[in-house]
Amino acid sequence: ASETIFKTAGIFVRPPFSLMPFFQAFVRMCPVLWEATGIAPRGTLKPEATPTLEDMARGYESWVMSVGLAAPPDRLLVHSYKDGFPPLCDFLGVPPVDCPDTYPNVNDK
């Protein structure tokens, strides 16, 4: 998580981003998203606040658990990219012959 969106979350509240209308709306939206996904308790974050990495990890785990409880087991696939396409194709009913061998790779990370 620290190498993904978490790394950029705090930069949008500082110039030049904080001066741009799009990012102003984004900053106002973040606490709503963080509260809705369990990263922060409702009403505890100001728009300029950034949750900690621990908050983000706890919220992610909470979200995964709530989805697991809400979704019917036959309609839920908990998938890791490390598993590749076969479990995904099987879940979606795609014949193995039509299942790609590898994920597309558009960056070098």
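Residues numbered from 1 in each chain as written. Predicted model: local features only at pLDDT ≥ 70, side-chain atom pairs only at ≥ 80, totals over all residues. Heavy atoms only, no water.

Undergrad: How would you summarise the packing of aromatic side chains if you had to cite specific residues and measurements?
TA: Using the criterion set out here, one finds one aromatic pair in the structure. Ring geometry for Phe 85 against Tyr 103: centres 4.5 Å apart, planes inclined by 45 degrees, an arrangement best described as tilted. In this pair, Phe 85 sits in helix α4 (residues 85–92) while Tyr 103 sits in the segment after α4, placing the two residues 18 residues apart along the sequence. Judged by relative accessible area, which is 15%, Phe 85 ranks as buried. Overall, the relative accessible area of 32% leaves Tyr 103 in the partly exposed class. (Phe/Tyr/Trp six-rings, centres within 6.5 Å; stacked < 30°, edge-to-face > 60°. Helix = DSSP H or I, 4+ residues; strand = E, 2+ residues; numbered from the N terminus. Buried < 20%, exposed > 50% of the residue type's maximum accessible area, 1.4 Å probe, protein only.)

Undergrad: Kindly report on the environment of Thr 52, identifying the contributing residues and their values.
TA: By the element assignment, Thr 52 lies in the loop between α2 (21–36) and α3 (53–70). Of the residues examined, Thr 52 reaches a relative accessible area of 37% and is grouped as partly exposed. Note: C-alpha distance between Thr 52 and Ile 39 (13 residues apart in sequence) is 9.2 Å.

Undergrad: Can you lay out the state of the cysteines for me, pointing to particular residues and giving the numbers?
TA: Applying the stated criterion to the full structure yields one disulfide. In this model Cys 89 forms its disulfide with Cys 99; the gap between the sulfur atoms is 2.3 Å. Handedness of the Cys 89-Cys 99 disulfide follows from its S-S torsion of about 85 degrees: it is right-handed. Highlighted residues: Cys 89 in helix α4 and Cys 99 in the segment after α4, separated in sequence by ten residues. The pair formed by Cys 89 and Cys 99 is uniform in burial state, with each residue classed as buried. (Disulfide = S-S within 2.5 Å.)

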